[in-house]
Amino acid sequence: MTLLAVGINYQTAPVSIRERLSFPTEVLQPALQELHHIKEISEAAILSTCNRTEFYYAASTTNQQILIDWVAQNKHLNAADFTPYLYSHTDSGSIRHMFRVACGLDSMILGEPQILGQMKTAYQAAYDAGTLGKHLGKLFQHTFTAAKKVRTDTAIGSSPVSVAFAAVQLAQQIFDKLSQQTALLIGAGETIELAARHLTQQGIGRLIIANRTYDKAHSLAAQFNGYAIALSELPNHLAEADIVISSTASSLPILGKGRVESALKIRKHKPMFMVDLAVPRDIEAEVEQLPDVYLYTVDDLQNTIDQNMNSRRLAAQQAEEIIDTQVEHFLAWLRAQGAQSTIRDYRLSAEQIRDETLQKALLALQNGASAEDTLNRLAHTLTNKLIHTPSTQIRAAAENERHDLIAAAREIFKLSNPQ
(Lines give C-alpha, C1' and ligand atoms only; values in the text may rest on other atoms or scores of the structure.)
Protein backbone atom coordinates (compact mmCIF):
# COMPACT_ATOMS: atom_id res chain seq x y z
CA MET A 1 0.00 0.00 0.00
CA THR A 2 1.37 3.41 -1.05
CA LEU A 3 0.10 6.82 0.04
CA LEU A 4 0.09 9.34 -2.80
CA ALA A 5 -0.68 13.04 -3.24
CA VAL A 6 -1.06 14.37 -6.77
CA GLY A 7 -2.27 17.84 -7.73
CA ILE A 8 -1.94 21.29 -9.18
CA ASN A 9 -1.85 24.66 -7.42
CA TYR A 10 -1.39 28.38 -7.99
CA GLN A 11 2.38 27.88 -8.32
CA THR A 12 2.26 25.22 -11.03
CA ALA A 13 -0.85 26.00 -13.06
CA PRO A 14 -2.66 29.12 -14.34
CA VAL A 15 -6.29 29.69 -13.37
CA SER A 16 -7.40 28.50 -16.84
CA ILE A 17 -6.09 25.03 -15.95
CA ARG A 18 -7.08 25.08 -12.28
CA GLU A 19 -10.71 25.88 -13.08
CA ARG A 20 -10.92 22.94 -15.49
CA LEU A 21 -9.71 20.54 -12.80
CA SER A 22 -11.90 21.88 -9.99
CA PHE A 23 -14.45 19.67 -8.23
CA PRO A 24 -17.42 21.74 -6.97
CA THR A 25 -19.27 20.42 -3.93
CA GLU A 26 -22.18 19.05 -5.98
CA VAL A 27 -19.94 16.70 -8.02
CA LEU A 28 -17.47 15.75 -5.29
CA GLN A 29 -19.24 12.69 -3.85
CA PRO A 30 -19.90 10.88 -7.16
CA ALA A 31 -16.36 11.75 -8.30
CA LEU A 32 -14.88 10.25 -5.13
CA GLN A 33 -16.93 7.10 -5.51
CA GLU A 34 -15.85 6.73 -9.15
CA LEU A 35 -12.22 7.13 -8.12
CA HIS A 36 -12.65 4.62 -5.30
CA HIS A 37 -14.03 2.02 -7.70
CA ILE A 38 -10.68 1.84 -9.52
CA LYS A 39 -9.24 -1.56 -8.59
CA GLU A 40 -5.81 -0.30 -7.55
CA ILE A 41 -7.17 2.54 -5.35
CA SER A 42 -8.38 1.53 -1.89
CA GLU A 43 -8.87 4.97 -0.29
CA ALA A 44 -9.35 8.46 -1.78
CA ALA A 45 -10.04 12.12 -0.97
CA ILE A 46 -10.09 15.30 -3.07
CA LEU A 47 -9.19 18.81 -1.92
CA SER A 48 -10.54 21.43 -4.34
CA THR A 49 -10.16 25.19 -3.78
CA CYS A 50 -9.66 28.21 -6.02
CA ASN A 51 -5.89 27.84 -5.60
CA ARG A 52 -5.45 24.06 -5.79
CA THR A 53 -6.91 20.69 -6.63
CA GLU A 54 -5.22 17.74 -4.93
CA PHE A 55 -5.93 14.01 -4.87
CA TYR A 56 -4.92 12.05 -1.78
CA TYR A 57 -5.17 8.30 -2.15
CA ALA A 58 -3.89 4.91 -1.04
CA ALA A 59 -3.06 2.52 -3.86
CA SER A 60 -1.46 -0.83 -4.56
CA THR A 61 0.80 0.81 -7.15
CA THR A 62 2.91 3.96 -7.49
CA ASN A 63 1.83 4.32 -11.13
CA GLN A 64 0.09 7.70 -11.24
CA GLN A 65 -1.12 7.21 -14.79
CA ILE A 66 -4.17 5.43 -13.35
CA LEU A 67 -5.23 8.64 -11.63
CA ILE A 68 -4.31 10.84 -14.61
CA ASP A 69 -6.42 8.72 -16.96
CA TRP A 70 -9.39 8.91 -14.58
CA VAL A 71 -9.11 12.72 -14.26
CA ALA A 72 -8.92 13.07 -18.05
CA GLN A 73 -12.05 10.92 -18.45
CA ASN A 74 -13.96 12.61 -15.62
CA LYS A 75 -13.18 16.13 -16.87
CA HIS A 76 -13.36 15.30 -20.60
CA LEU A 77 -9.79 16.50 -21.13
CA ASN A 78 -6.70 15.25 -22.90
CA ALA A 79 -4.18 14.16 -20.30
CA ALA A 80 -1.52 16.17 -22.14
CA ASP A 81 -3.48 19.36 -21.38
CA PHE A 82 -2.85 19.17 -17.62
CA THR A 83 -0.12 16.60 -16.96
CA PRO A 84 2.74 19.14 -17.31
CA TYR A 85 1.26 21.13 -14.40
CA LEU A 86 1.02 18.21 -11.97
CA TYR A 87 3.22 17.55 -8.95
CA SER A 88 3.23 14.34 -6.95
CA HIS A 89 4.44 12.92 -3.64
CA THR A 90 4.56 9.39 -2.27
CA ASP A 91 4.51 7.99 1.27
CA SER A 92 6.54 10.27 3.60
CA GLY A 93 6.47 13.01 0.93
CA SER A 94 2.66 12.79 0.78
CA ILE A 95 2.39 12.97 4.56
CA ARG A 96 4.67 16.02 4.74
CA HIS A 97 2.81 17.72 1.88
CA MET A 98 -0.59 17.31 3.53
CA PHE A 99 0.76 18.65 6.82
CA ARG A 100 2.32 21.70 5.08
CA VAL A 101 -0.88 22.43 3.13
CA ALA A 102 -3.05 22.27 6.26
CA CYS A 103 -0.67 24.58 8.15
CA GLY A 104 -0.76 27.21 5.39
CA LEU A 105 2.92 26.74 4.54
CA ASP A 106 2.06 26.01 0.90
CA SER A 107 -0.50 28.82 0.55
CA MET A 108 -0.36 31.98 -1.54
CA ILE A 109 -0.56 33.93 1.73
CA LEU A 110 1.84 32.25 4.13
CA GLY A 111 0.05 30.85 7.17
CA GLU A 112 -3.50 31.67 6.00
CA PRO A 113 -6.02 29.78 8.16
CA GLN A 114 -8.80 29.11 5.62
CA ILE A 115 -7.01 26.12 4.08
CA LEU A 116 -7.38 24.08 7.28
CA GLY A 117 -11.17 24.45 7.09
CA GLN A 118 -11.05 23.45 3.42
CA MET A 119 -8.97 20.40 4.33
CA LYS A 120 -11.59 19.43 6.93
CA THR A 121 -14.29 19.82 4.27
CA ALA A 122 -12.34 17.47 1.99
CA TYR A 123 -12.10 14.93 4.81
CA GLN A 124 -15.83 15.15 5.55
CA ALA A 125 -16.73 14.75 1.86
CA ALA A 126 -14.58 11.61 1.59
CA TYR A 127 -16.01 10.28 4.85
CA ASP A 128 -19.58 10.84 3.62
CA ALA A 129 -18.74 9.21 0.28
CA GLY A 130 -17.32 6.16 2.07
CA THR A 131 -13.91 6.46 0.39
CA LEU A 132 -11.77 6.76 3.52
CA GLY A 133 -10.08 3.77 5.09
CA LYS A 134 -7.85 3.23 8.08
CA HIS A 135 -4.70 4.75 6.60
CA LEU A 136 -6.04 7.88 4.88
CA GLY A 137 -8.55 8.51 7.66
CA LYS A 138 -5.77 8.36 10.25
CA LEU A 139 -3.57 10.60 8.08
CA PHE A 140 -6.26 13.29 7.94
CA GLN A 141 -6.70 13.16 11.73
CA HIS A 142 -2.95 13.44 12.22
CA THR A 143 -2.90 16.31 9.70
CA PHE A 144 -5.41 18.25 11.80
CA THR A 145 -3.37 17.54 14.94
CA ALA A 146 -0.18 18.80 13.27
CA ALA A 147 -1.92 21.97 12.03
CA LYS A 148 -3.35 22.66 15.48
CA LYS A 149 0.08 22.22 17.06
CA VAL A 150 1.65 24.63 14.56
CA ARG A 151 -1.09 27.20 15.24
CA THR A 152 -0.69 26.77 18.99
CA ASP A 153 3.11 26.64 19.20
CA THR A 154 4.05 29.29 16.59
CA ALA A 155 2.92 32.79 15.62
CA ILE A 156 2.32 31.85 11.99
CA GLY A 157 -1.31 32.99 11.97
CA SER A 158 -1.29 35.72 14.57
CA SER A 159 -0.25 38.69 12.40
CA PRO A 160 -2.32 40.18 9.55
CA VAL A 161 -0.73 40.06 6.09
CA SER A 162 -3.42 41.71 3.95
CA VAL A 163 -4.30 45.40 4.10
CA ALA A 164 -7.99 44.57 4.58
CA PHE A 165 -7.29 42.27 7.51
CA ALA A 166 -4.78 44.73 8.99
CA ALA A 167 -7.35 47.53 8.78
CA VAL A 168 -9.99 45.47 10.58
CA GLN A 169 -7.55 44.34 13.25
CA LEU A 170 -6.57 47.98 13.84
CA ALA A 171 -10.24 48.88 14.20
CA GLN A 172 -10.56 46.17 16.86
CA GLN A 173 -7.74 47.80 18.81
CA ILE A 174 -9.43 51.22 18.73
CA PHE A 175 -13.00 50.08 19.50
CA ASP A 176 -13.73 47.72 22.37
CA LYS A 177 -16.71 46.07 20.67
CA LEU A 178 -17.23 46.14 16.92
CA SER A 179 -20.76 44.87 17.54
CA GLN A 180 -21.67 48.42 18.65
CA GLN A 181 -20.06 50.16 15.65
CA THR A 182 -21.16 51.11 12.13
CA ALA A 183 -18.69 50.58 9.27
CA LEU A 184 -18.88 52.44 5.98
CA LEU A 185 -16.98 50.80 3.12
CA ILE A 186 -16.37 52.84 -0.01
CA GLY A 187 -15.81 50.81 -3.19
CA ALA A 188 -16.83 47.32 -4.30
CA GLY A 189 -13.60 45.65 -5.36
CA GLU A 190 -11.71 42.71 -3.89
CA THR A 191 -10.13 44.70 -1.04
CA ILE A 192 -13.48 46.07 0.11
CA GLU A 193 -15.02 42.60 -0.16
CA LEU A 194 -12.24 41.22 2.08
CA ALA A 195 -12.77 44.05 4.55
CA ALA A 196 -16.51 43.33 4.60
CA ARG A 197 -15.84 39.64 5.20
CA HIS A 198 -13.39 40.30 8.06
CA LEU A 199 -15.72 42.87 9.67
CA THR A 200 -18.64 40.47 9.47
CA GLN A 201 -16.57 37.67 11.00
CA GLN A 202 -15.67 40.02 13.87
CA GLY A 203 -19.34 40.83 14.49
CA ILE A 204 -19.64 44.39 13.14
CA GLY A 205 -22.89 45.99 14.26
CA ARG A 206 -23.92 47.61 10.97
CA LEU A 207 -22.38 47.66 7.50
CA ILE A 208 -22.90 50.30 4.80
CA ILE A 209 -21.33 49.89 1.35
CA ALA A 210 -21.07 52.86 -1.00
CA ASN A 211 -20.07 52.63 -4.64
CA ARG A 212 -20.33 54.74 -7.76
CA THR A 213 -22.40 51.92 -9.31
CA TYR A 214 -25.27 51.19 -6.93
CA ASP A 215 -25.91 47.68 -8.33
CA LYS A 216 -22.37 46.60 -7.41
CA ALA A 217 -22.76 48.04 -3.92
CA HIS A 218 -26.10 46.25 -3.52
CA SER A 219 -24.69 42.92 -4.75
CA LEU A 220 -21.80 43.09 -2.27
CA ALA A 221 -23.94 44.32 0.63
CA ALA A 222 -26.39 41.45 0.09
CA GLN A 223 -23.61 38.93 0.81
CA PHE A 224 -22.95 40.41 4.25
CA ASN A 225 -26.40 41.58 5.31
CA GLY A 226 -25.32 45.18 4.73
CA TYR A 227 -26.95 48.34 3.41
CA ALA A 228 -26.02 49.71 -0.03
CA ILE A 229 -25.89 53.37 -1.10
CA ALA A 230 -24.72 55.20 -4.19
CA LEU A 231 -21.58 57.31 -3.87
CA SER A 232 -23.67 60.43 -4.32
CA GLU A 233 -25.49 59.60 -1.04
CA LEU A 234 -22.23 59.56 0.93
CA PRO A 235 -22.72 63.02 2.57
CA ASN A 236 -26.03 61.85 4.04
CA HIS A 237 -24.51 58.76 5.72
CA LEU A 238 -20.94 59.71 6.62
CA ALA A 239 -21.88 60.87 10.12
CA GLU A 240 -23.30 57.41 10.89
CA ALA A 241 -19.90 55.77 10.40
CA ASP A 242 -17.56 54.93 13.26
CA ILE A 243 -15.27 53.12 10.82
CA VAL A 244 -14.58 54.22 7.24
CA ILE A 245 -12.53 52.04 4.89
CA SER A 246 -12.11 53.27 1.33
CA SER A 247 -10.58 51.61 -1.72
CA THR A 248 -11.69 52.90 -5.10
CA ALA A 249 -10.05 53.60 -8.45
CA SER A 250 -10.99 57.29 -8.36
CA SER A 251 -8.35 59.71 -9.64
CA LEU A 252 -9.61 62.42 -7.25
CA PRO A 253 -10.28 62.35 -3.49
CA ILE A 254 -13.79 61.25 -2.52
CA LEU A 255 -13.73 62.61 1.03
CA GLY A 256 -12.36 66.08 1.74
CA LYS A 257 -11.59 67.82 5.00
CA GLY A 258 -14.77 69.90 4.92
CA ARG A 259 -17.10 66.95 4.44
CA VAL A 260 -15.49 64.96 7.25
CA GLU A 261 -15.56 68.04 9.52
CA SER A 262 -19.29 68.41 8.92
CA ALA A 263 -19.83 64.75 9.78
CA LEU A 264 -17.87 65.15 13.03
CA LYS A 265 -20.09 68.04 14.09
CA ILE A 266 -23.19 65.89 13.57
CA ARG A 267 -21.49 63.13 15.55
CA LYS A 268 -20.75 65.63 18.34
CA HIS A 269 -17.05 64.82 17.90
CA LYS A 270 -17.45 61.12 18.56
CA PRO A 271 -14.18 59.58 17.22
CA MET A 272 -14.01 58.29 13.66
CA PHE A 273 -11.52 55.67 12.46
CA MET A 274 -10.61 56.03 8.76
CA VAL A 275 -8.44 53.84 6.55
CA ASP A 276 -7.55 54.93 3.01
CA LEU A 277 -6.41 51.89 1.03
CA ALA A 278 -6.55 53.62 -2.35
CA VAL A 279 -3.70 54.82 -4.56
CA PRO A 280 -4.18 57.66 -5.45
CA ARG A 281 -5.77 58.46 -2.12
CA ASP A 282 -9.54 58.62 -1.61
CA ILE A 283 -9.32 60.73 1.56
CA GLU A 284 -7.56 64.11 1.56
CA ALA A 285 -4.39 64.11 3.66
CA GLU A 286 -5.64 67.23 5.52
CA VAL A 287 -8.35 65.11 7.17
CA GLU A 288 -5.64 63.81 9.48
CA GLN A 289 -5.42 67.29 11.04
CA LEU A 290 -8.96 67.06 12.39
CA PRO A 291 -9.38 66.19 16.05
CA ASP A 292 -11.30 62.97 16.74
CA VAL A 293 -10.14 61.40 13.44
CA TYR A 294 -7.71 58.48 13.28
CA LEU A 295 -6.59 58.33 9.63
CA TYR A 296 -4.34 55.60 8.27
CA THR A 297 -3.08 55.14 4.71
CA VAL A 298 -2.07 52.00 2.85
CA ASP A 299 1.58 52.84 3.59
CA ASP A 300 0.92 52.87 7.34
CA LEU A 301 -0.59 49.41 7.10
CA GLN A 302 2.04 48.12 4.67
CA ASN A 303 4.79 48.69 7.21
CA THR A 304 2.82 46.54 9.66
CA ILE A 305 2.22 43.88 7.00
CA ASP A 306 5.93 43.72 6.05
CA GLN A 307 6.87 43.25 9.70
CA ASN A 308 4.18 40.62 10.10
CA MET A 309 5.34 38.72 7.00
CA ASN A 310 8.83 38.54 8.48
CA SER A 311 7.26 37.29 11.70
CA ARG A 312 5.35 34.62 9.75
CA ARG A 313 8.50 33.52 7.91
CA LEU A 314 10.28 32.99 11.22
CA ALA A 315 7.25 31.11 12.51
CA ALA A 316 7.23 29.01 9.33
CA GLN A 317 10.74 27.79 10.15
CA GLN A 318 9.48 26.63 13.54
CA ALA A 319 6.47 25.05 11.84
CA GLU A 320 8.72 23.02 9.52
CA GLU A 321 10.51 21.58 12.56
CA ILE A 322 7.18 20.63 14.14
CA ILE A 323 6.10 19.00 10.89
CA ASP A 324 9.34 16.96 10.73
CA THR A 325 8.48 15.51 14.14
CA GLN A 326 4.84 14.89 13.24
CA VAL A 327 5.81 13.11 10.01
CA GLU A 328 8.02 10.76 12.01
CA HIS A 329 5.16 10.08 14.43
CA PHE A 330 2.83 9.11 11.59
CA LEU A 331 5.47 6.98 9.87
CA ALA A 332 5.99 5.15 13.17
CA TRP A 333 2.24 4.47 13.29
CA LEU A 334 2.35 3.19 9.70
CA ARG A 335 5.27 0.89 10.46
CA ALA A 336 3.41 -0.46 13.48
CA GLN A 337 0.48 -1.39 11.22
CA GLY A 338 2.80 -3.72 9.31
CA ALA A 339 3.34 -5.73 12.51
CA GLN A 340 -0.34 -5.99 13.44
CA SER A 341 -0.99 -9.19 11.53
CA THR A 342 2.09 -10.82 13.08
CA ILE A 343 1.02 -9.77 16.58
CA ARG A 344 -2.51 -11.03 15.93
CA ASP A 345 -1.30 -14.41 14.64
CA TYR A 346 1.13 -14.81 17.55
CA ARG A 347 -1.62 -14.02 20.06
CA LEU A 348 -4.03 -16.50 18.42
CA SER A 349 -1.37 -19.21 18.55
CA ALA A 350 -0.68 -18.53 22.24
CA GLU A 351 -4.41 -18.50 23.06
CA GLN A 352 -4.89 -21.82 21.27
CA ILE A 353 -2.07 -23.38 23.33
CA ARG A 354 -3.60 -21.91 26.50
CA ASP A 355 -7.06 -23.29 25.75
CA GLU A 356 -5.77 -26.77 24.92
CA THR A 357 -3.65 -26.91 28.07
CA LEU A 358 -6.47 -25.58 30.23
CA GLN A 359 -8.90 -28.20 28.91
CA LYS A 360 -6.50 -31.02 29.83
CA ALA A 361 -6.08 -29.55 33.33
CA LEU A 362 -9.86 -29.31 33.83
CA LEU A 363 -10.28 -32.90 32.64
CA ALA A 364 -7.60 -34.06 35.10
CA LEU A 365 -9.45 -32.33 37.97
CA GLN A 366 -12.69 -34.01 36.94
CA ASN A 367 -10.89 -37.39 37.02
CA GLY A 368 -9.83 -36.81 40.64
CA ALA A 369 -6.28 -35.41 40.27
CA SER A 370 -5.22 -33.13 43.11
CA ALA A 371 -5.44 -29.39 42.50
CA GLU A 372 -1.79 -28.84 43.41
CA ASP A 373 -0.51 -31.51 40.99
CA THR A 374 -2.82 -30.22 38.24
CA LEU A 375 -1.67 -26.61 38.64
CA ASN A 376 2.01 -27.64 38.62
CA ARG A 377 1.47 -29.75 35.49
CA LEU A 378 -0.52 -26.88 33.86
CA ALA A 379 2.25 -24.34 34.50
CA HIS A 380 4.97 -26.73 33.31
CA THR A 381 3.12 -27.80 30.15
CA LEU A 382 2.04 -24.26 29.23
CA THR A 383 5.57 -22.91 29.64
CA ASN A 384 7.09 -25.69 27.52
CA LYS A 385 4.56 -25.25 24.73
CA LEU A 386 4.90 -21.44 24.63
CA ILE A 387 8.70 -21.50 24.43
CA HIS A 388 9.00 -24.55 22.17
CA THR A 389 8.71 -22.85 18.77
CA PRO A 390 10.89 -19.80 19.65
CA SER A 391 13.55 -22.12 21.15
CA THR A 392 13.55 -24.32 18.04
CA GLN A 393 13.89 -21.30 15.75
CA ILE A 394 16.70 -19.72 17.82
CA ARG A 395 18.59 -23.05 17.78
CA ALA A 396 18.17 -23.26 13.99
CA ALA A 397 19.40 -19.66 13.67
CA ALA A 398 22.54 -20.54 15.61
CA GLU A 399 23.18 -23.61 13.44
CA ASN A 400 22.88 -21.40 10.33
CA GLU A 401 25.00 -18.61 11.87
CA ARG A 402 22.05 -16.18 11.78
CA HIS A 403 23.45 -14.04 14.59
CA ASP A 404 21.10 -11.20 13.56
CA LEU A 405 18.07 -13.35 14.46
CA ILE A 406 19.60 -14.31 17.79
CA ALA A 407 20.26 -10.63 18.58
CA ALA A 408 16.70 -9.76 17.53
CA ALA A 409 15.34 -12.52 19.81
CA ARG A 410 17.29 -11.14 22.78
CA GLU A 411 15.82 -7.68 22.02
CA ILE A 412 12.24 -8.92 21.54
CA PHE A 413 12.29 -11.01 24.74
CA LYS A 414 14.23 -8.27 26.63
CA LEU A 415 17.02 -10.65 27.68
CA SER A 416 20.17 -9.18 29.21
CA ASN A 417 23.33 -9.58 27.15
CA PRO A 418 25.32 -12.75 27.96
CA GLN A 419 28.39 -12.24 30.16
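In case you missed it, the structure is sitting above this.
All values reported here derive from a predicted model rather than from experimental measurement.

Undergrad: Any chance you could explain helix H7 (residues 134-153) here in plain terms?
TA: Side chains three or four residues apart in an α-helix point the same way, a direct result of the helix having 3.6 residues per turn. Helix length check: H7 (20 residues) gives 28 Å between terminal C-alpha atoms against 28 Å at 1.5 Å per residue, within 8%. Among all positions in H7, only His135, Leu136, Gly137, Leu139, Phe140, His142, Thr143, Phe144, Ala146, Ala147 and Val150 are buried. Tucked into the core, H7 has its buried residues touching strand S1 (2-9), strand S2 (41-48), strand S3 (52-59), helix H5 (92-102), helix H6 (114-129) and helix H13 (298-366).

Undergrad: Please explain the sheet that holds S2 as it appears in this structure.
TA: The pairing of strands in a sheet happens through backbone hydrogen bonds and is either parallel or antiparallel. Ordered by their spatial adjacency, four strands build an open sheet running S2-S3-S1-S4, and the pairing between neighbours is antiparallel. Unpaired on one side and paired on the other, S2 and strand S4 (87-90) mark the two borders of the sheet. Here the strands of the sheet are splayed against their neighbours by 15 degrees on average, with no regard to which way each runs. Bridge analysis of S2 against S3 gives seven bridges, and the strand direction is antiparallel. Counted as the bridge partner of alanine 44 is tyrosine 57 from S3. The sheet contacts of helix H2 (residues 25-36) involve S2 and S3, and relative to S2 the element is tilted by about 150 degrees.

Undergrad: What's the story with the packing of helix H8 (residues 163-174) against helix H9 (residues 190-201) in this structure? I'm lost.
TA: Each packed pair of helices is defined by two parameters, the angle between the axes and the distance between the axes. Between H8 and H9, whose axes approach to 8 Å, the crossing angle comes to 40 degrees. Comparing their axes, H9 and H8 come out oblique. Where H8 crosses over H9, the handedness of that crossing is right-handed. When H8 is examined against H9, the residues Val163, Ala164, Phe165 and Val168 are found in contact with a partner set consisting of Thr191, Leu194, Ala195, His198 and Leu199. A class-by-class count of the residues in the contact of H8 with H9 yields seven nonpolar, two polar and no charged.

Undergrad: Explain the pairing of S3 to me, please; I cannot follow it from the model alone.
TA: Every other side chain in a regular strand lies on the same face of the sheet, so the side chains alternate between the two faces. A large share of S3 lies buried, amounting to eight of its eight residues. Judged from the eight bridges that link them, S1 and S3 form a sheet pairing that is antiparallel. Its bridge partner lying in S3, isoleucine 8 is registered against threonine 53. Connecting S2 to the antiparallel partner S3 that follows it, the hairpin turn spans three residues.

Undergrad: I'm lost on a nonpolar patch on the surface in this one. Help?
TA: A grouping of Tyr346, Ile394, Ile412, Phe413 and Leu415 is seen on the molecular surface, where their side chains present a nonpolar patch of about 520 Å² in accessible area. Structurally, the position occupied by phenylalanine 413 is in the segment after helix H15 (403-412).

Undergrad: Can you help me understand the sheet that holds strand S9 (residues 272-276) in this one?
TA: Pairing is parallel across the open sheet formed by six strands, whose spatial order is S7-S6-S5-S8-S9-S10. The sheet terminates laterally at strand S7 (227-230) and strand S10 (293-297), the two strands that pair on one side only. Recorded for the sheet is a direction-independent mean angle of 15 degrees between the axes of neighbouring strands. Direction of pairing for strand S5 (residues 182-186) relative to strand S8 (residues 243-246): parallel, over a ladder of four bridges. What sits directly across from leucine 184, in S8, is valine 244. Here H9 sits on the sheet in contact with S5, strand S6 (206-211) and S8, set at roughly 165 degrees to S5. Sitting on the sheet, H13 touches S9 and S10, and the angle it makes with S10 is about 65 degrees.

Rules and cut-offs
- Residues numbered from 1 in each chain as written.
- Predicted model: local features only at pLDDT ≥ 70, side-chain atom pairs only at ≥ 80, totals over all residues.
- Heavy atoms only, no water.
- Helix = DSSP H or I, 4+ residues; strand = E, 2+ residues; numbered from the N terminus.
- Expected span 1.5 Å × (residues − 1).
- Buried < 20%, exposed > 50% of the residue type's maximum accessible area, 1.4 Å probe, protein only.
- Contact = heavy atoms within 4.5 Å.
- Pairing = 2+ DSSP bridges.
- Axes fitted to C-alpha atoms, helices over the stretch in contact; angles between N-to-C directions.
- Parallel < 35°, antiparallel > 145°, perpendicular 65-115°, else oblique.
- Left-handed = near helix turned anticlockwise from the far one by under 90°.
- Nonpolar A, V, L, I, M, F, W, Y, C, P; charged D, E, K, R; others polar.
- Patch = residues over 30% accessible without salt bridge, like charges linked within 9 Å, V, L, I, M, F, W, Y side chains within 5 Å.
- Areas by Shrake-Rupley, 256 points an atom, 1.4 Å probe, with all protein chains shown as cover.
- Salt bridge = Lys/Arg side-chain N within 4 Å of Asp/Glu carboxyl O.

Treat this as a map of the structure, not an account of what it does.
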